[in-house]
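A look at the structure
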Amino acid sequence: MEDLIIEGTNISPKVCFEPKRNLLEIGGYSRPENVRDFFYPIISWLEKYRGSLAAESNQGTSREPITFKFKFIYFNSSSAKFIYDIVIELSELQRIGVPLKIYWYFDEDDEELHEAGEELSDMAHVPFSFVEIKQQ
Amino acid sequence: MDNGEIILNHKGPLSYEEIGFLLNRMTMLLDKLGMNVTTKKKAYSAMVESLENIYKHQDIIADDFEHVPLFTMERCDESFCISASNSILNHKIPALKEKLDRVNSLDKNGLKDLYKSTILSGNVSPKGGAGLGIINIAKVSENKIVYSFKQMNDTHSYFNIKVTISHKNTK
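Just so you know, these numbers come straight off a predicted model, no measurement behind them.

Procedures and definitions
Residues numbered from 1 in each chain as written. Chains lettered and ligands numbered in written order. Predicted model: local features only at pLDDT ≥ 70, side-chain atom pairs only at ≥ 80, totals over all residues. pLDDT = per-residue confidence, 0-100. Contact = placed C-beta atoms within 7 Å. Helix = DSSP H or I, 4+ residues; strand = E, 2+ residues; numbered from the N terminus. Nonpolar A, V, L, I, M, F, W, Y, C, P; charged D, E, K, R; others polar. Pairing = 2+ DSSP bridges. Axes fitted to C-alpha atoms, helices over the stretch in contact; angles between N-to-C directions.

**Looking at the confidence of the model for chain B**
- Residues with a pLDDT of 70 or more make up 90% of chain B, whose mean pLDDT is 88.
- Confidence metrics for the complex model read pTM 0.91 and ipTM 0.88.

**A word on the interface of chain A and chain B**
- Tallying the contact residues gives 20 residues for chain A and 23 residues for chain B.
- Breaking the side of chain A that touches chain B down by element, the ones donating at least two residues are α1 (35–58), α2 (77–95) and α3 (111–124) of chain A.
- With five residues, the top contributor of residues to the side of chain A that touches chain B is α2(A).
- A per-class count over the side of chain A that touches chain B returns six nonpolar, four polar and 10 charged.

**Thoughts on the sheet that holds strand β1 (residues 4–6) of chain A**
Residues and elements named next belong to chain A.
- One open sheet holds the six strands; their spatial order is β1-β2-β3-β4-β5-β6, and the pairing between them is mixed. Either end of the sheet is taken by a strand with one partner, and the two such strands are β1 and β6 (129–133). Strand-to-strand twist of the sheet, defined as the mean angle between neighbouring strand axes without regard to direction, takes the value 15°.
- The pairing of strand β5 (residues 100–107) with β6 spans five bridges and is parallel.

If you want it as structure tokens, here you go:
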């Protein structure tokens, strides 16, 4: 499975999915003009990743746990539905037995973002570990 | 709204680049005023949703210079007031009014539940058209969303919303 790397901008998130390192990260600002065009390739990549992991699992290969990190600073309402779709994809990975740890980062003063993570975790029935970023 | 000072305004059709420009201006201004992260994030969120709402739904009428998209941010003693106006098609009013009345009738937990059920329903268009933007605005605003529709002609009205973000005790 190839890496998926997308540079972040002040309107679209940075994506760094590196399956060989078992590390997937998405973060930054998310208010892309064409939200569907931005998120579809990401969700499609995750679907293919699930397929490859399911094939591995069928061969009885044991694997290292995967780490997924959400490091958003801000996302708008149009992005929220697609971020939920990503969380659903992660819940599918857990469902097929892939060991997965999900981290949700938020600024210590940003209760809105903390709550947004709690809501997503709750809606998809997927546990998140919350990481509070302290101000310098 | 008490007597405030307009710190940001935009009049006329809105491009996506201009939304970024206005957001940067707001962030710089609130930094200068010494506002904390909570206030800045709330103002940012309310501004994005208000401006994107104008951007996506600006049904501009040719030769009508009175009812152009309009955005202002006003600084008052204890709050920032965001006002956003754009023309909309009359037939869209009942559904929009229903969404606004619904969010205005809910408390914080009610808004959370509505936000969750809206995402779970799957009825969200790429524009966030199920009303997630309005729910987001209501979540960050300290007061109810004040809105009005002023009929312009048989097909169009001028829509305005006012959103208050408190900065009292948050400096």
